[in-house]
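Per-entry structural report
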Amino acid sequence: MLGILLLLAVFVSMTIGRYALQPQIILRVFMDRISGEPLDPALTEANAVIFAIRIPRILLSILVGAALSASGAAYQGLFKNPMVSPDILGVSSGASVGAIFGILLGLPTYLIHVQSFLFGMGAVIIVMTLARMVSRGSGTLLIMVLSGTVISSVFSALTSLIKYLAPADDKLPEITFWLMGSFAKAGSYRNVTIMGVVFSLGAVPLFLLRWRMNVMSFGEEEARSMGVNVKAIRRIVILCATLLTASSVALCGVIGWVGLIVPHMARILVGPNYGVMMPVAMIGGGLFTLLVDNVCRTAVSGELPIGIVTAMIGAPLFIYLLFRRRRDWT
């Protein structure tokens, strides 16, 4: 059902926007493309809007939403805490510093993306190294969470410093807009290809390991007794989830709440079994992000940053989920 809803949302997303398109026009454009016949001159503008602007943006929003949801679900299972989000180890803060530092230096777009990705991965490497040095094999997960909080605070301070140093006439507005997240400038086939490759490298291993993540949820000692290599699974999960989150932030900016809320909703729909919950979270994340992006494109005459809308939707929904869990506890 989620897959059908996602397909319907994709079709509806092609019709809405500043340049509204009737459903029959979209069908005619696709039929001409499939048949290979020369395109009707009256459909030239519609063809350009659909294939040059809306399809890459739709695909990118679905991939990013699915990636963030998969990361959130994986981290929540790894840390055995449903309150965990994909940026718990500082990846979003690190990637943000890399991106806005590149914007401040006036680097080309592709270098900004590369630098953002490297900073995000570097932040997680620092957290894991610090956790390993401090924990010495005991309480590793708790030390990782605390280390992630510290490193995130450091990178947040660097973000504030860069914003303070940025010229107010051009660089500061660009940095501020990027930090709020948007698909407006990221929707291109090049970015879709990059995100598709990253999604294959990160989400596919998480999908294949979803049964072992069920075992991990029982605890490390129980998982070891059942023959699971806990350290290897933990490293793979952290690597894949970090790869997905860092790439999403590098391409589209910081999009919060998706990786926290959607796994909760998937867990309510199908239960905590990762064999089913992980694919539901991926599809639901893509659907949620696509619908929110449609709101961003149509709510005002300009365009709202998607991070604002996800926060406005996610925060009240999360409060509701907290009260729901409280009733379950009592």
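A brief look at the structure comes next. Small disclaimer: the values here were computed from a predicted structure and weren't measured.

1. Observations concerning the nonpolar core
Of all hydrophobic cores here, the largest spans 78 residues; its most connected members are L60, Y75, F79, L89 and M278. Per-element accounting of this core gives the leading share, 12 residues, to helix α11 (residues 230–252). Residues in contact with L89, not counting those within four places in the same chain, are Y75, F79, A123, V124, V127, M144, G148 and I238. Membership of the second largest hydrophobic core comes to 17 residues, among which are A9, I50, F51 and I55.

2. Topic: helix α2 (residues 23–35)
Along an α-helix, residues three or four apart share an orientation, since each turn contains 3.6 residues. The terminal C-alpha atoms of α2 lie 18 Å apart, and with 13 residues this matches the ideal 18 Å at 1.5 Å per residue to within 8%. Within α2 the residues assigned to the buried category are I26, V29 and D32. For α2, the arc enclosing every buried residue in end-on projection is 130°, short of the 170-degree limit, so these residues lie on one face. Facing away from the buried side of α2, by more than 90 degrees, are the exposed residues M31 and I34. Lining the buried residues of α2 we find α1 (2–15) and α3 (44–78).

3. Some words on the pattern of salt bridges
Within this structure, the stated rule accounts for two salt bridges. Linking R57 and E303 is a salt bridge whose minimum nitrogen-to-oxygen distance equals 2.4 Å. Residue R57 is located in helix α3, and its partner E303 is located in the loop between α13 (274–298) and α14 (306–329); the two are separated by 246 residues in the primary sequence. Overlapping salt bridges, with partners in common, bring together R57, D293 and E303 in one network.

4. Re unusual backbone geometry
Here W257, not a glycine, exhibits a phi torsion of approximately 75°, which is positive. Tracing the chain through its elements places W257 in the loop between α11 and α12 (258–270). A residue is classified by how much of its surface remains accessible, and W257, at 30% relative accessible area, is partly exposed.

5. What about the packing of helix α5 (residues 109–135) against α11?
At their nearest, the axes of α5 and α11 sit 8 Å apart, and the two run at 145° to each other. Both α5 and α11 take part in a crossing whose hand is right-handed. Of the residues in α11, those in contact with H113, S116, F117, M121, V124 and M128 of α5 are I238, L239, T242, L243, A246, S247, V249, A250 and L251. Residue classes in the contact of α5 with α11 are distributed as 11 nonpolar, four polar and no charged.

6. Details of empty space enclosed by the protein
By the definition in use, this model includes one cavity of 30 Å³ or more. Counted as a void, the largest cavity has a volume near 30 Å³. The wall of the largest cavity is formed by A74, G77, L78, M213, M216, I233 and V237. Sorting the residues of the lining of the largest cavity by element identifies α3, α9 (210–216) and α11 as the ones contributing at least two each.

7. Digging into the environment of S160
Its place among the elements puts S160 in helix α6 (residues 140–165). Residue classification places S160 among the partly exposed residues on the basis of a relative accessible area of 46%. As a C-alpha pair, S160 and V97 span 63 residues in sequence and 9.3 Å in three-dimensional space.

8. A word on the environment of W178
Secondary-structure assignment places W178 in helix α7 (residues 171–179). It is 8.5 Å that separates the C-alpha atoms of W178 and A99, two residues lying 79 residues apart in sequence. Apart from the residues within four sequence positions on either side, W178 is in contact with A95, S96, A99, I100, I103, S116, V249, A250, G253 and V254.

Rules used throughout
Residues numbered from 1 in each chain as written. Predicted model: local features only at pLDDT ≥ 70, side-chain atom pairs only at ≥ 80, totals over all residues. Heavy atoms only, no water. Core = buried A, V, L, I, M, F, W, Y, C linked by side-chain atoms within 4.5 Å. Buried < 20%, exposed > 50% of the residue type's maximum accessible area, 1.4 Å probe, protein only. Helix = DSSP H or I, 4+ residues; strand = E, 2+ residues; numbered from the N terminus. Contact = heavy atoms within 4.5 Å. Expected span 1.5 Å × (residues − 1). Arc of directions from axis to C-beta. Salt bridge = Lys/Arg side-chain N within 4 Å of Asp/Glu carboxyl O. Axes fitted to C-alpha atoms, helices over the stretch in contact; angles between N-to-C directions. Left-handed = near helix turned anticlockwise from the far one by under 90°. Nonpolar A, V, L, I, M, F, W, Y, C, P; charged D, E, K, R; others polar. 1 Å grid on protein atoms, 1.4 Å probe; cavity = no way out; pocket = protein on both sides within 12 Å on 5 of 7 lines; lining within 4 Å. Points joined across faces, edges and corners; volume = space filled by probe spheres on them.

Nothing here speaks to function; it is geometry throughout.
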